[in-house]
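# Geometric and topological summary
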Amino acid sequence: MHRRLITAAAAIAVVLGGAAIALAARPADAATATYQAESAALSGGAAVATDHSGYTGAGFVGGYTDGNKGAAATTFTVQAGNQLALRYANGTGSPKTLSLYVGGVRLRQITLAATANWDTWGTATENVSLTGASNTVAYRFDSADSGNVNLDSLTVSSAASSGLEAENAVLSGGAAVASDHSGYTGTGFVGGYTDGNKGTAATTFTVPATSSLTLRYANGTGSARTLSLYVNGARLRQISLPATANWDTWGTATESVSLTGASNTVAYRFDATDSGNVNLDNLSVGAAASPSPSASPTSSTSPPPTGSGRSYEAEAAFFSSGPSVATSTGGYSGSGYLTGFTGVGARVIVTVNAPAAGARQVGLRYGNAAGASRTLSQYVNGIKIGQVSLPAGSGWLTATQTVTLRAGVNLIGWQVDSGDNGGVNVDVITVDGGLALASRGATMPYTEYRAADAATNGAKLAASRTYLTMASEATGRSAVQLTATGQYVQFTLSKPANALTIRYSIPDSADGAGASAPISLYANGTHVKDITLTSRYSWVYGAYPYTNVPSQGSAHHFFDEIRATIGDFPAGTVLKLQKDASDTAGSYTIDVVDAEQVAAAYTMPANFVSVTSYGATSGDGSDDTGALGNAISAARAAGKGVWIPAGTFDITGRINVQGVAIRGAGQWYSTIKGRNGKGGFFATGSGVTIADLTMSGDVTYRDDTNFDTGIEGNFGTGSLLFDVRIEHTKTGMWISAGTDGLYAAAIRIGNTFADGVNLNSRDGVVQNTRIDQSAVRNTGDDALAMFSQTHAVTNSKYTFNTVQTPLLANAVGIYGGNGNVVADNLLSDTVTGAAGIAVSSRFGIPFSGPTTVARNTLTRTGGYEPNWASNLGALWIYADQSDITTPVTVTDTTILDSTYQAVLLSYGHRIGNLLLDHVTVSGAGTWGIDVYNVTGAMTANYVTVTGAASGGLNNPGGYSITRGPGNSGW
């Protein structure tokens, strides 16, 4: 190994994912102590090893292997300090992650960049605030981590100030590492604050408690420039960065702050009101803030104090029926604020995350220069809790309410109802003790445990992406199969749980009607219960659209899910699924287990009527269709809502709903059960709310003509779907013409035989609709589709969703449309005839407006199309029936381990006005970028390709590509 000297002033480092790999030991700071990993408390399979050289002390800690995922941990007991330097090795060739815990509480996921080999050691530094004489610091291999690293030692230091390199921070919106000007510290600086990235470019540091921030920057423009300073997600102020002599000369700008938490985010953003065009080098953090004994109240023109709260920007929330984003009034937080709360129905719904159920303070930052108080109605999780009076004043004002929230995802809304006068602007809300939502994908209440990563004495299926193999439909393309008595798969709970969702497969019956068999659940070696599994809703055969006739062959759709409450078990409990002698299935294939802590059943809200008052009875097998219809009609006439109590209510047809709220006791308690492929909710107009229940169908194969969708119809304006589970239906949700401003959040859709969600404009426009914070798994067609069939789906969004294993077609399909967005999603494991994201003119009308694809992660996506004998890419721009010439913008997208091409452009028409910006391709079965039989042009900036088996680019037709900065590997 070549060694390089490092001075105390500047250490040369390799940077990836915000962690620095030092090539030699960092210089000692004041009050520095080093702790050997092999002397720490080891658990969950973490163990001392010596089979690689270069470690310090008596050895290092290994065992962070896939078999110990969810369990392996190394726990140090350390002194006070504000910086942790973990010495580790990662010879895998790609970045890996662990979770950092302080005092038993998970602080964040950390990234450990690859080292040259297993005998080369790097250092990852994290800023914390450890104040006690004795603190616990743990590095755990949680179920969301990739692990597979070795740990050598931990150095804890404290210093009066700390310098943080900008190139090690979290970069977004076009901000990027550069080195084309001299005089910087570290390994580079951050550029990209150019006019093209106005409104998006940001550099986000994680810092300990402090009273001052000093930013080192360069500004060679000749005049002062501005950026916006954000603290813990809230805009603090606009800062001015005076001109420096040139781009190789660096200045500093110091801002006073009061950061008291152990871990804070500080961001420098190029907002729409800023002039930007600067470079950032590093951030120095001053002494810890001390509370003032006589602090004055916050000025009415300042953002609300965040304290232990979490800020959520209104302009990033869902809004409909009037509000729009504005920037004309200064001093706002984030990238803008909402205005237009004038007409009845104008609303904003902010999705927040609470760590536990209970009362919390909510701060609403608003503007009201009308000279008199204005009012809005406030809603929590779709239930109106009262009217809020917002006094007039200059600048931005703050109103505080106390509301009761659930643990996890909640919806807090403000709306102009009849009796409100509205007329205010809404900027940001702050929730006391609120948590961040997931940065990509859905924030869900469960923890997923993958069987292929768990301990087992069964058979781990060989990974495969070959269609019609069971492994190809498994999460991560492998699962565990139990075939003999005594075989098991087990995992250790990282969080408390009282309920499980098991994704499994058992063999079908000879006639295709389905077979049932139990499997045994154990906790810490003690039998808990038998859980009955069935093949009724899995296993289809033959050609599309498939049947239940086994003799037709080509079996697939192997997996289904079962839910079970299990009693309360704490973190650390070992749960085991075992084939006992009484468990009669020939095999049990276990894919994943989702474990969660389900709250007690909700009680009926005020002003609701129960369906039992209209003749519905739970669990007796009688047909409750008429009783539900009568309850809805009566409730609507009386201005009330409809209550579905805990229990199972059977229906044999669609339940029409308009202008009324239908709520249950929770999706684990209240179930509407279809029969013989029929049954679901059908919206016929505005003002529909469906929340806190399960719609469980009885569809066992695909029949588009005769079978029903879980939730369908025209939702008009002002509708909301929240905390609903949909399973065993033809399609999960089919949102049709006339829908304008539907918000669906915290939805779980699984095991459908057609689409998960389809926004369908066959008979008229669907617009301003957003599906958010939802999980979709095991669909028989597109998981999420926007289908502009005869009219354009317009200004609609799929955001912060998690899609797994769609069995046919795409994780997301955008078929025509105008102004639609697919952003911040996690998409994985498409099976056949599939892309991760398809932007396509295959069906319906041409694109009539821009399409935005941003900040998505595509993992193991793309698939073979047997009817065409063609490979489909993870990201597929498909000009089939018409040209795609309206703007298609793909930004900040990560494409991992693609089955075939990472990016595919095809077929036969023009693709113009395509932008790929900050797209990372890591691993592809064929080409990184494949252009086949299209004309037109695209621009590529910061597009990097590594690990593409066939090469970076295949462009035999000479499709025009404008190469901007930062491209590599193709």
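Report on the accompanying structure. Quantities reported herein were computed from a predicted structural model and do not represent experimental measurements. (Residues numbered from 1 in each chain as written. Predicted model: local features only at pLDDT ≥ 70, side-chain atom pairs only at ≥ 80, totals over all residues. Heavy atoms only, no water.)

## Observations regarding the sheet that holds strand β7 (residues 73-78)
Quick reminder of the rule: Strands are labelled as partners when DSSP assigns at least two bridges between them. Helix numbers and strand numbers start at the N terminus; a helix is a DSSP run of H or I with at least 4 residues, a strand a run of E with at least 2. Note on geometry: axes are lines fitted to C-alpha atoms, helical ones only across the stretch in contact, with angles between N-to-C directions running from 0 to 180 degrees.
What the five strands build is an open sheet, ordered β4-β7-β12-β9-β10; its pairing is antiparallel. With one partner strand each, in any of the chains shown, β4 (41-43) and β10 (105-112) form the two edges of the open sheet. Strand-to-strand, the axes of this sheet are offset by a mean angle of 20°, without reference to chain direction. With seven bridges connecting them, strand β9 (residues 96-102) and β10 associate as antiparallel partners. Across the sheet, residue serine 99 finds its bridge partner in β10, namely glutamine 109.

## Concerning the nonpolar core
Put simply, the rule is: Here, the term nonpolar core denotes a set of buried Ala, Val, Leu, Ile, Met, Phe, Trp, Tyr and Cys residues that are joined through side-chain atoms within 4.5 Å. Only protein chains enter the calculation, and the probe is 1.4 Å; a residue is then buried if its accessible area is under 20% of its type maximum, exposed if over 50%, and partly exposed in between. The criterion used for residue contact is that any of the two residues' heavy atoms lie within 4.5 Å.
Counting residues in hydrophobic clusters, the biggest one holds 83 residues, and the most contacted among them are Met733 and Leu905. In terms of residue count, the dominant contributor to this core is strand β77 (residues 910-924) (six residues). For leucine 905, the contacting residues outside a window of four places in its chain are Ile877, Ile911, Leu914, Asp930, Val931, Tyr932, Val934, Met938 and Tyr959. Counting residues in hydrophobic clusters, the runner-up holds 29 residues, among them Ile519, Ile531, Leu575 and Val593.

## What about the packing of aromatic side chains?
Note the following rule: Any two rings among Phe, Tyr and Trp, with Trp reduced to its six-membered ring, count as a pair given centres within 6.5 Å; such a pair is stacked if its planes are under 30 degrees apart, edge-to-face if over 60, and tilted if neither. Criterion for a charge above a ring: Arg CZ or Lys NZ at most 6 Å from the ring centre, at most 35 degrees from the ring normal.
Applying the stated rule across the entire model yields 20 aromatic pairs. Ring plane angle 70° and centroid distance 5.2 Å describe the contact between tyrosine 815 and phenylalanine 843, whose orientation is recorded as edge-to-face. Taken together, the residues span a long stretch of sequence, with tyrosine 815 in strand β66 (residues 812-815) and phenylalanine 843 in the loop between β69 (837-840) and β70 (851-854) at a distance of 28 residues. We classify phenylalanine 843 as partly exposed; its relative accessible area is 29%. Put simply, the rings of Tyr55, Phe60 and Trp121 touch in pairs and so form one group of aromatic residues. The side chain of arginine 235 reaches across the aromatic face of tyrosine 332, ending 5.6 Å from its centre.

## So, the side chain of glutamine 901
Within the element layout of this structure, glutamine 901 appears in the loop between β75 (888-898) and β76 (903-906). If sequence neighbours within four positions are ignored, glutamine 901 has contacts with Asn871, Leu872, Gly873, Ala874, Thr926, Trp927 and Asp930.

## What about the layout of surface pockets?
Formally: The rule is simple: put a 1 Å grid over the protein atoms alone, call a set of points where a 1.4 Å probe fits but cannot get out a cavity, call an open set with protein on both sides within 12 Å along at least five of seven lines a pocket, and count a residue as lining if it has an atom within 4 Å of a point. Grid points are joined across faces, edges and corners, and a volume is the space filled by probe spheres set on the points.
In this model, the second largest pocket occupies a volume close to 1,100 Å³. Within the residue set of the lining of the second largest pocket, elements represented by two or more residues are β60 (757-760) and β69.

## Describing empty space enclosed by the protein
Selection criterion: Classification used: nonpolar for Ala, Val, Leu, Ile, Met, Phe, Trp, Tyr, Cys and Pro, charged for Asp, Glu, Lys and Arg, polar for all others including Gly.
According to the stated counting rule, one finds two cavities of 30 Å³ or more in the structure shown. Forming the boundary of the largest cavity are 14 residues, of which Tyr446, Glu561, Arg748, Ala775 and Arg777 lie nearest the centre. The set of elements that each furnish at least two residues to the lining of the largest cavity consists of β56 (720-727), β59 (748-750), β62 (775-777) and β65 (802-804). Looking at the second largest cavity, its volume works out to about 90 Å³. Together, Tyr467, Val540, Pro545, Tyr546, His556, His557, Arg702, Phe753, Gly780, Leu807, Leu808 and Thr832 line the second largest cavity. Split into classes, the residues belonging to the lining of the second largest cavity amount to seven nonpolar, four polar and one charged.

## Details of the sheet that holds strand β43 (residues 526-534)
Spatially, the five strands line up as an open sheet ordered β37-β40-β45-β42-β43, and their pairing is antiparallel. Two strands lie at the open edges of the sheet, namely β37 (455-456) and β43, each paired on one side alone. The sheet contact formed by strand β40 (residues 488-492) and strand β45 (residues 574-578) spans five bridges and is antiparallel. Across the sheet, residue phenylalanine 491 finds its bridge partner in β45, namely leucine 575.

## So, unusual backbone geometry
Here the amide bond leading from tyrosine 544 into proline 545 is cis, since omega sits at 10°, within 30 degrees of zero. Relative to the assigned elements, proline 545 resides in the loop between β43 and β44 (560-569). Cis geometry marks the peptide bond from serine 906 to tyrosine 907; its omega dihedral reads 15°. Among the secondary structure elements, tyrosine 907 is positioned in the loop between β76 and β77. The phi dihedral of asparagine 524 is positive, around 50°, even though this residue is not glycine. Residue position: asparagine 524 is located in the loop between β42 (516-523) and β43. A positive phi is found at histidine 918, a non-glycine position, where the angle reads about 55°. In this fold, histidine 918 is placed in strand β77.

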